[in-house]
Each structure stands twice: as C-alpha cells, then as structure tokens.
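Residue-level structural notes
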Amino acid sequence: MAAQKINEALEHIAKAEKYLKTGFLKWKPDYDSAATEYGKAAVAFKNAKQFDQAREACLREAEAHENNKAYLFIDRDSFFPREMQRLPEAVQLIEKASMMYLENGTPDTAAIALERAGKLIENVSPEKAVQLYQQAASVFENEERLRQALEMLGKASRLLVRGRRLDEAALSLQKEKSIYKEIENYPTCYKKTIAQVLVHLHRNDYVAAERCVRESYSIPGFNGSEDCAALEQLLEGYDQQDQDQVSEVCNSPLFKYMDNDYAKLGLTLVVPGGGIKKKSPNAAQDKARGPAAVGSHADEEEDEYSGGLC
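Please read these numbers as outputs of a predicted model, since none were measured by experiment.

Re the confidence of the model for the protein chain
For the protein chain, per-residue confidence averages 83 on the pLDDT scale, and 81% of positions sit at 70 or higher. A low-confidence stretch, residues 70-84 (pLDDT under 50), is modelled with 48 contacts involving residues beyond four sequence positions or located in other chains. The low-confidence segment residues 290-310, where pLDDT is below 50, has two contacts with residues more than four positions distant or belonging to other chains.

Things to note about the packing of aromatic side chains
All told, the structure shown has three aromatic pairs when counted by the stated rule. Ring geometry for Y190 and F222: centres 5.6 Å apart, planes at 55 degrees, overall tilted. Residue Y190 is located in helix 10 (residues 186-202), and its partner F222 is located in the loop between helix 11 (206-216) and helix 12 (226-239); the two are separated by 32 residues in the primary sequence. Residue F222 is classed as buried on the basis of its relative accessible area of 0%. Geometrically, the ring pair formed by Y217 and F222 is tilted, given 6.0 Å between the ring centres and 50 degrees between the ring planes. We classify Y217 as partly exposed; its relative accessible area is 35%.

Focus on the side chain of T193
With respect to the helices, strands and loops of the structure, T193 is situated in helix 10. You can call T193 buried: its relative accessible area is 0%. A polar atom in the side chain of T193 sits 3.2 Å from the side chain of S216. Ignoring anything within four residues of it in the chain, the contact list for T193 reads K177, C212, S216, F222 and L231.

Describing the nonpolar core
Core analysis: the largest hydrophobic core is formed by 64 residues, its most contacted members being V197, L234 and F255. Per-element tally for this core: the top contributor is helix 8 (residues 146-162), with nine residues. Setting aside its immediate chain neighbours within four residues, L234 contacts V197, L198, L201, V246, V249, C250, F255 and L269. In this structure, A9, I13, A42 and F45 belong to the second largest nonpolar core, which totals 11 residues.

Parameters at a glance
- Residues numbered from 1 in each chain as written.
- Predicted model: local features only at pLDDT ≥ 70, side-chain atom pairs only at ≥ 80, totals over all residues.
- Heavy atoms only, no water.
- pLDDT = per-residue confidence, 0-100.
- Contact = heavy atoms within 4.5 Å.
- Phe/Tyr/Trp six-rings, centres within 6.5 Å; stacked < 30°, edge-to-face > 60°.
- Helix = DSSP H or I, 4+ residues; strand = E, 2+ residues; numbered from the N terminus.
- Buried < 20%, exposed > 50% of the residue type's maximum accessible area, 1.4 Å probe, protein only.
- Polar contact = N/O pair within 3.5 Å; in protein donor to acceptor, adjacent residues only side chain to side chain.
- Core = buried A, V, L, I, M, F, W, Y, C linked by side-chain atoms within 4.5 Å.

Next up, the structure:
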C-alpha cells in the first residue's frame, strides 16, 4: 500500500515538473497546474507516511502558487502532522499564505488561516499563538466582524493569563471589554471586569483594580448587579487583608464557573500580608490593656448615656 502511494506521488511530481517546463511553443510555465499536482503528491506522500517528502511537495505547491500570484490555504493536519516536529515551519508557511490572501482581497480567509496557525502552535509556542490570534483579531476587526475578533482576542487573553503575562493580559481584556460595550453585550462586560480585577490583583495593583470597577459603573446595568456587589466585596476584603472574605467571594459560583484560566486566578488569590486582618486602633489598644481594660471601656460607654440623650 505504501509503495503504491509513493509511486502515485512520484507520478504527480513528474507531471508537475512537466507543467513547469517551457519550450518553443510554450513560453510560460503552467504554475496553476503544477501546484495542483504538487498538492496531490503531498497527499499521497502523507498517506504513505513519508512526511518529509510530503512537506517538500507542499512547499513546492506554495512556491507554484506564489509564482502564479495566487494563494493557497494549507491544511495543517494533512501536511504537517505533529510527529514531524516541524510546527514552526508549518506556521511560517501558513502565515505566508495568509498574507497572500490579504493581497488577493480575501481578508476573512486570511484571518481563518491565522487562527488555524495559532491552534497548531498553541501547545508548542503560546507566545507565537498569542501573536497569531491578535493578528487574526485585527483582520476581523478591520472587516467589522467584531464577534469573530472577540473570539480571537479571548483566546489571546486566556493564553496571556496562562503564561503569567499579566500586564499584557490586562490590556487584552480591556480591548475585549471595549468591543463588547460597543456591541452592547453588557453582561459579558461585567464578566470581563471580574477577569480584569483578578488580573490586576495578581499584579499587586489594587489601585488599577479599584479604578477598573469604578469605570465600569458607566456600563448600563453594572451598578447594582451581582457582579458589581461581588467585586466590591472582593476589593473590600483584599484592602482589609481579610483572606476569608476574599476566598469566600472567589469560591462563589460567579467566580468558579468563569473560564478556567480566570477561575484559577480567583482560587489562587492571596491578600497582602499573608491574610492577617487589619485591626482597628481601639481593638489594638484593648488587646494591649487586657480583658479588664475592655470591660472598663464598655462601662465608660454605658455611663456616658446612663442619664439619657438629653
């Protein structure tokens, strides 16, 4: 079976080379037909488990398309299986194809190509995947396909959080929230605000987290929502270094059932100072004086109003 597929592939290679030849009556190579034959050869080599030769045939197909000023869409799973360990080369080729799509006036297909490249490289190089998703989002946004742009930005944001690139994650989430507000998807804006606050608190930036909530009051319906109430409780607990209160909020269904990367931020959030609650000045003084002082302080308060309010 394998030998048969290899012979089939070699026949397609021979045909492709024939299409590229020129002569007295043929002034220009037939790049389009050659590309087709190289593509068939790549499939045959792949089926025969000859992955290096499949890759080479695919590269030749790309070159033929480029010489023909055309474009191609590369099936990542067909031509570049993971066992080849050459994913960066595959991604580079897909990026090249996406540029050709843009040049030929098909930006939607270019964005889809970038998304597929991101999926392909995500587990190997998350940094590159983030870049590809952001590029795809930019193309979709330019075409006013905002929902598709949001999907790409969401993938980028989650990868940034997963990689602890929190400064970049905060910016990416803000971009997401702005677009959701633009399309009037306000409930999702609330969820993005929760994600933003968790990211800022993990950055140890309480001021930015508080500002994020304050600015969200302008979003219709946010003030008075359960999201807003939970965030105010979270910020209060964090500011008071009350780990119990923070943990209670972060373990609530509102936080636990977010996207997994954001839920983990909540479950791992630790307040400054190791979770020791701040004590009020009176409480600290009473503790220093002992139990007798506490009783005396209570008696003083009682005596002050023993004669009534007038």
